[in-house]
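Residues per chain are reported as follows:
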Amino acid sequence: MSSVLNVDTIADKAGTGPVGLTKQSANKGFLNFDGSASTPSATDSFNHSSIVDGGTGIFACGFTNNMANANFGHTAGGDHSAAGINTNKFDARSADTFNCRAYNYAGNPSDNGYIALAFQGDLA
Amino acid sequence: MTSELLVDAIKGVTAAGSVAVTGEGNSTTTNLQQGLCKAWVEFDATITPFVSATAVGDSFNITSINDAGSGIHDLSITNNMNNTGYAASGAAGENDDAGGNRSLGLRAKSTSAQNIRGFRDGVSAQDNQEMCVHIMGDLA
């Protein structure tokens, strides 16, 4: 017989710390957005607060709950079309902001139509 | 002594699909379900003729993959996403010494499928040997 635990919040035995997930780890944030929009904002997101457009292909993505440090992991994806494929470069980051740059495949900064990011690491 | 809870499924009481877990900093909480990768796959696009069951090395919540042209594949999602706003990311590689960068582009998507295309040197569409895709977002 399978068992089901119904609960709203899970913490460690002391009630204040995180619990371990056996042999797996959850993402701490993700978002995707249209970089070509006049004011880019997330189409869908988790633990994401805002996007600051810093120029062509330059975006600063803020976290709602900060990461523990600036050494968190990330993955990224981008669309491609007849115009080209995205590649994303990552500038200096901090515990509260992730900075990315988007390019077309000619190597030029570009406000691409689809940019997706996901973050892995420890929360503050 | 550490404690261990053995259980097959976890549901929220207030909302079945929402369980909060305490973050590593022992202060903030984060949503467990939203942080989980909802689908992923690793496959070899060079399998000829392309057969999904042979090409896929491992996967989660992916039903099958079709071959839609040079470097182009449709990933079918087993349990659909809630909307088309989900975030997908990926990488492409090749197990040889021929040089050149490989990349993976994301094309049209729906709640039940994600279309991708592999490239070499960011220009030429190509079936790459190592294709990896992750999908994050909400399940239907």
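On a predicted model such as this, the values are computed, not experimentally measured, just so you know.

A short note on the overall build of chain A
On a plain count of helices and strands, chain A comes out with 0 helices and 12 strands. Against the globule reference of 14 Å for 124 residues, chain A gives a C-alpha radius of gyration of 17 Å, more extended than a compact globule. Excluding contacts between residues fewer than 6 apart, the proportion of contacts in chain A whose partners are at least 24 apart in sequence is 52%. Accessible surface computed for chain A: about 5,900 Å², of which carbon and sulfur atoms make up 49%. Separation of charge centres in chain A, based on 6 positive and 10 negative side chains, amounts to 13 Å.

Topic: the side chain of Asp-44 of chain A
By the secondary structure assignment, Asp-44 of chain A is in strand β4 (residues 42–46). With residues near it in sequence (within four places) discarded, Asp-44 of chain A still touches Phe-30, Leu-31 and Asn-32 of chain A together with Asn-83, Gly-85, Tyr-86, Gly-137 and Asp-138 of chain B.

Some remarks on the packing of aromatic side chains
The geometry of two aromatic rings is summed up by the distance between their centres and the angle between their planes. Residue and element names in this part refer to chain A. Under the defined criterion, the tally for this structure stands at 8 aromatic pairs over all chains. Considering the side-chain rings of Phe-30 and Phe-46, the 6.2 Å spacing of their centres and the 45° angle between planes classify their relative orientation as tilted. Of the two residues, Phe-30 is situated in strand β3 (residues 29–33) and Phe-46 in strand β4; the sequence distance between them amounts to 16 residues. A single burial state applies to Phe-30 and to Phe-46, both of which are buried.

Observations concerning the interface of chain B and chain A
Taken together, the contact pairs 53 residues of chain B with 43 residues of chain A. Summed over both partners, the interface of chain B with chain A comes to about 3,700 Å²; 55% of that surface belongs to carbon and sulfur atoms. It is Thr-22, Glu-24 and Leu-106 of chain B that lose the most area in chain B upon contact with chain A, and together they represent 15% of the buried surface on that side. Remark: the boundary between chain B and chain A carries 1 salt bridge. With a shortest N-O distance of 2.5 Å, Glu-24 of chain B and Lys-28 of chain A are connected by a salt bridge. Residue assignment for the side of chain B that touches chain A shows that the elements contributing at least two residues are β1 (9–11), β2 (20–22), β3 (29–31), α1 (32–35), β8 (87–93), β9 (102–110) and β10 (113–120) of chain B.

Digging into the nonpolar core
In this structure, Phe-43, Leu-75, Ile-116 and Ile-135 of chain B are the most contacted members of the largest nonpolar core, which totals 27 residues. For this core, the secondary structure elements donating two or more residues are β12 (115–120) of chain A together with β4 (39–43), β6 (62–69), β7 (72–77), β8, β9 and β12 (130–136) of chain B. Top element by residues in this core is β12 of chain B. It accounts for 4 residues. For Phe-43 of chain B, the contacting residues outside a window of four places in its chain are Phe-50, Ala-55, Val-56, Gly-57, Ile-65, His-73, Leu-75, Ile-116, Gln-129, Glu-130 and Met-131 of chain B.

Rules and cut-offs
Residues numbered from 1 in each chain as written. Chains lettered and ligands numbered in written order. Predicted model: local features only at pLDDT ≥ 70, side-chain atom pairs only at ≥ 80, totals over all residues. Heavy atoms only, no water. Helix = DSSP H or I, 4+ residues; strand = E, 2+ residues; numbered from the N terminus. Rg over C-alpha atoms; globule rule 2.2 N^0.38 Å. Contact = heavy atoms within 4.5 Å. Areas by Shrake-Rupley, 256 points an atom, 1.4 Å probe, with all protein chains shown as cover. Lys, Arg positive; Asp, Glu negative; His and termini not counted. Charge placed at Lys NZ, Arg CZ, Asp CG, Glu CD. Phe/Tyr/Trp six-rings, centres within 6.5 Å; stacked < 30°, edge-to-face > 60°. Buried < 20%, exposed > 50% of the residue type's maximum accessible area, 1.4 Å probe, protein only. Buried area = accessible area lost by both parts, 1.4 Å probe. Salt bridge = Lys/Arg side-chain N within 4 Å of Asp/Glu carboxyl O. Core = buried A, V, L, I, M, F, W, Y, C linked by side-chain atoms within 4.5 Å.

Coordinates in, geometry out; function isn't part of it.
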